[in-house]
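Tertiary structure, described
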Amino acid sequence: MLLGCPSWPEEFAACYRQAGYWRGETFGAMLRERAITHGNEIAIVCGERRWSYHELDARADSLAAGLLHCGVKPMDRVVVQLPNTAEFFAVCFALFRLGALPVFALPAHRSLEISYFCEFAEAVAYIIPDRFAGFDYRNLAEQIQAKTPSLRHVSVVGDPGAFTALDALYADPVDLPKPHPSDVAFFQLSGGSTGVPKLIPRTHDDYIYSLRASAEICGLDAQSVYLCALPAAHNFPLSSPGTLGTLYAGGRVVLAPYPSPDVAFPLIEREQVTMTALAPPLAMIWLEAAPSSRYDLSSLRVLQVGGAKFSAEAAQRVGPILGCKLQQVYGMAEGLVNYTRLDDPDEIVLHTQGRPISPDDEIRVVDDAGCAVEPGQTGQLLTRGPYTIRGYYKAEEHNAQAFTADGFYCTGDLVRLTPEGYVIVEGRIKDQINRGGDKVAAEEVENLLLAHPAVHDVAVVSMPDQFLGERTCAFVISRGTPPKAAELNAFLRERGLAIYKIPDRFEFIDAFPQTGVGKVSKQALRETIAQRLQSTANVS
Ligand code: AMP
Ligand code: DBH
């Protein structure tokens, strides 16, 4: 077991095994079983490449051997930052078989995030594409390697430049020790609300349960074709039921390098895609594009939308325009995932964010004092269960706040429950901006801006946005003449912050409004910017 990963108390673990949730499966063994039963079926479609289960299985063995030769050992951390390519799955399953632990970075992360993941996790290896979306990851890797002593190895999918090509690692399979099902299998990342992102340890047992149950809820089977349009490393397309749930069910995963209609629609037609997952802004783009598209989307049976609140108005257009069922998904990389069910009445599918996967997902809705609210009232959602973590990796102090003494995760989301136990997301108390599904921790951006010489103080808040739901606004008290917004923008880019976290707007202000106890009132700042936007909209 890896130190620094809080686990379930033994009595809970015993219950989860007893109930049949944790079945002692591991990812490596799961792929082997599918290769035996569905060996010649196609597992992964990536451009013109089609890998059968047998091929994926063989690649995982051979790459695991190659990584071992490079010095990657069981329990070592490996930062994986790959776009939606077949290699992402070869790498994941190779690491799972080896018992080395991927840290799932997103392609949008830049030097600030990646160097933090590498240092904090003491990663020994970093796996990247050569270029993606106009960005050269080899330059990034060079910077990171220069300042991260633990990082011994960089592998590149594509042209390796000064590093090693992933393709050159494939070696003859060797015998490997088998990871234990209760071991951590990888780290997901939290959108977070604090200064630095948190690492989320997920075990084989708990994650496989969540994707097996998700696949069942979504009716996946060997005939299912799942289009992965969101970034593959994100928890939603990875596990709800996502690519791994599809592979669990023996279905086919089709990879879209980009989620835009011009890329995704032809793939849906060509591959006869049955299901996919989108965040709300993308779903809206698809709804705009579909009526005039020349591609046949009729194979699509289910469109999942989640990551941020999907408005009921947009939700009701999904059926008529795309000719498929909508499923709302409210989940988190920490664990708990809620789905509307495929046979739920419209009322529920349009107006709620679903109900939990498991009968043993425990839900509490509490007020500021931590007391249960009256049924149907709004409060913070706390949760505990067979696939919700009991703590972040090496974060004892933060865990004491983010988890209750009896192990409930404090989601920071404000919800209410319907009498049938469906969750409606009403808002949030965590200091985070949800930019159309991309989460931005206010404090992380504030800390960086405070380092700028012309910034005396700063508060980052959300502002309403028709398209993304929310965008980010930084209120700045300047030191002397206010700097130009472009200068602050450039400053954050130079620091290596992911672009989606850079504030969309800077507002300069003399003093912050305060709450009764003298704290900055972010609520008042949100209202100020919302009013300003409203009045400019009225003028134009
Ligand atoms: P993360 O912790 O980064 O995995 O992000 C999970 C968070 O995304 C949740 O705690 C919610 O705040 C938000 N979220 C996810 N799905 C939905 C949804 N369907 N509606 C509203 N918020 C959502
Ligand atoms: O936003 C999320 O993190 C999310 C949304 C839907 C998630 O992790 C999930 C489903 O599993």
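Below is a short write-up of the structure.

Basis of the calculations
Residues numbered from 1 in each chain as written. Chains lettered and ligands numbered in written order. Predicted model: local features only at pLDDT ≥ 70, side-chain atom pairs only at ≥ 80, totals over all residues. Heavy atoms only, no water. Near = heavy atom within 4 Å. Polar contact = N/O pair within 3.5 Å; in protein donor to acceptor, adjacent residues only side chain to side chain. Areas by Shrake-Rupley, 256 points an atom, 1.4 Å probe, with all protein chains shown as cover. Helix = DSSP H or I, 4+ residues; strand = E, 2+ residues; numbered from the N terminus. Nonpolar A, V, L, I, M, F, W, Y, C, P; charged D, E, K, R; others polar. Buried < 20%, exposed > 50% of the residue type's maximum accessible area, 1.4 Å probe, protein only. Phe/Tyr/Trp six-rings, centres within 6.5 Å; stacked < 30°, edge-to-face > 60°. Lys NZ or Arg CZ within 6 Å of the ring centre and 35° of its normal. Pairing = 2+ DSSP bridges. Axes fitted to C-alpha atoms, helices over the stretch in contact; angles between N-to-C directions. Salt bridge = Lys/Arg side-chain N within 4 Å of Asp/Glu carboxyl O.

Examining the site of ligand 2
- With respect to spatial proximity, the complete set of residues near ligand 2 consists of His-234, Asn-235, Phe-236, Ser-240, Gly-307, Val-329, Gly-331, Met-332, Ala-333, Val-337 and Lys-439.
- Ala-333 is positioned such that a nitrogen or oxygen atom in its backbone is 3.4 Å from an oxygen atom of ligand 2.
- Between ligand 2 and Lys-439, the relevant distance is 2.9 Å, taken from an oxygen atom to a side-chain nitrogen or oxygen of the residue.
- Protein chains bury 95% of the 290 Å² of accessible surface belonging to ligand 2 in isolation.
- With 3 residues, strand 16 (residues 325–332) is the single largest residue contributor to the shell around ligand 2.
- A breakdown of the residues in the shell around ligand 2 according to their chemical character gives 5 nonpolar, 5 polar and 1 charged.

Brief notes about the side chain of Glu-271
- Residue placement: Glu-271 occurs in helix 10 (residues 261–271).
- Given the relative accessible area of 6%, Glu-271 is considered buried.

Points about the packing of aromatic side chains
- Per the counting criterion, the structure on display carries 25 aromatic pairs.
- Ring centres 5.2 Å apart and planes at 55° place the aromatic pair Phe-104 and Phe-186 in the tilted group. Taken together, the positions of Phe-104 in strand 4 (residues 101–104) and Phe-186 in strand 10 (residues 184–189) put the pair 82 residues apart, joining distant regions of the chain.
- In this structure Phe-104 comes out as buried when scored by relative accessible area, which is 2%.
- Both rings, one in Phe-265 and one in Trp-286, keep their centres 5.2 Å apart while their planes meet at 85°; by these two values the pair is edge-to-face. Separated by 21 residues along the polypeptide, Phe-265 in helix 10 and Trp-286 in helix 11 (residues 280–289) bring together distant segments of the chain.
- Taking relative accessible area as the criterion, Phe-265 reaches 2% and is therefore assigned buried.
- Since its relative accessible area comes to 1%, Trp-286 is described here as buried.
- By the ring-pair criterion, three or more aromatic residues cluster together here, those being Phe-27, Phe-88, Phe-89, Phe-93, Phe-96, Phe-104, Phe-186 and Tyr-207.
- Sitting over the ring of Phe-135, Arg-110 keeps its end group 3.6 Å from the ring centre.

So, the sheet that holds strand 21 (residues 409–417)
- Reading across the sheet, the 4 strands line up as 19-20-21-22 and stay open at both edges, with antiparallel pairing between neighbours. Either end of the sheet is taken by a strand with one partner, and the two such strands are strand 19 (362–366) and strand 22 (423–428). On average, adjacent strands in this sheet sit at an angle of 45° to one another, irrespective of strand direction.
- Where strand 19 and strand 20 (residues 379–384) come together, 5 bridges link them in antiparallel fashion. Residue pairing for strand 20: Val-366 is matched across the bridge by Gln-380.

As for the pattern of salt bridges
- A full pass over the atoms with the stated rule returns 33 salt bridges.
- The residue Glu-33 makes a salt bridge to Arg-34 at a minimum N-O spacing of 3.6 Å.
- For Glu-33, a relative accessible area of 42% translates into the label partly exposed.
- By relative accessible area, which is 9% here, Arg-34 ends up buried.
- One salt bridge connects Arg-505 with Glu-507, and the closest N-O pair in it is separated by 2.7 Å.
- Given a relative accessible area of 28%, Arg-505 falls into the partly exposed group.
- Looking at Glu-507, the relative accessible area reads 10%, which means it is buried.
- Residues participating in the shared-partner salt-bridge network are Arg-32, Asp-57, Asp-61 and Arg-97.

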